[in-house]
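# Examination of the molecular architecture
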Amino acid sequence: MHIRRAVPVDAPAIAPLLGQLGYPSTVEDVAARFARVAGSETDEAWLAVDPDEADAEAVIGFASGHVRWAYELDAPVAQLTALVVAESNRGTGAGRALVATFEEWATAAGAARATVSSSFRRTGAHAFYERLGYEQLSKKFDKSL
């Protein structure tokens, strides 16, 4: 397994992973999202891939990150905006490798803090993030507009 940057042609592999994360997406949805952030210096995405026997890469995980400035801090904050590993590949280290890649990218961007949101129902994910040194510091509130 290795980690590489995700690119728009990866949309067919990313869409089902986002569905497993609870965000049903079509290939066209994912392609349009890539188009929206094309050329952005504040957004990045990665894939965990596993070469299969046919010499093609089997995508087993996806992560994305965003760096933003905040008025209350003197350095940017990096947010892990998505992290998903295919159900059949969980526990293989792919998630840990994707988070490490995100953190390296965030550090290179000058971020002083990394943050991630996770639904209350994802208790396994909470334990995973805590094992990686993340701690719950606040409660997040959302409102659909």
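Cut-offs used in this document
- Per chain, residue numbering runs from 1 following the sequence as it is written.
- Given that the model is predicted, a residue must reach a pLDDT of at least 70 before its local features are reported, and side-chain atom pairs must reach 80 or more before they are shown or counted; all residues, however, enter totals for whole chains, interfaces and linings.
- Side-chain numbers here rest on the full set of heavy atoms in the structure, without hydrogens or water.
- Only strands joined by at least two bridges in the DSSP assignment are considered to pair.
- Under the scheme used here, helices are H or I runs from DSSP no shorter than 4 residues and strands are E runs no shorter than 2 residues, and both carry numbers assigned from the N terminus.
- Orientation is described by lines fitted to C-alpha atoms, with helices fitted over the stretch in contact, and by angles between N-to-C directions that extend from 0 to 180 degrees.
- Within a predicted model, pLDDT stands for the predictor's per-residue confidence, ranging from 0 to 100.
- Residue contacts are defined here by distance: any two heavy atoms, one from each residue, within 4.5 Å place the two residues in contact.

Note: strands within a sheet are paired through backbone hydrogen bonds, in either parallel or antiparallel orientation. Read across the sheet, five strands follow the order β1-β2-β3-β4-β5 without closing on themselves; strand pairing throughout is mixed. In this open sheet, the two edge strands, each paired with only one partner strand, are β1 (2-5) and β5 (113-116). The mean inter-strand angle of the sheet, taken between neighbouring strand axes irrespective of direction, is 30°. Strand direction decides the pairing type here: strand β4 (residues 77-85) and β5, joined by four bridges, are parallel. Pairing of L80 across the sheet is with V116, part of β5.

Summary statistics for the protein give a mean pLDDT of 93 and a share of 97% for residues scoring 70 or more. Mean pLDDT per element in the protein: strand β2 (residues 43-51) is the minimum at 93, and helix α3 (residues 94-108) is the maximum at 98.

Following the sequence through the fold, T101 ends up in helix α3. When neighbours within four sequence positions are excluded, T101 is seen to be in contact with I3 and W46.

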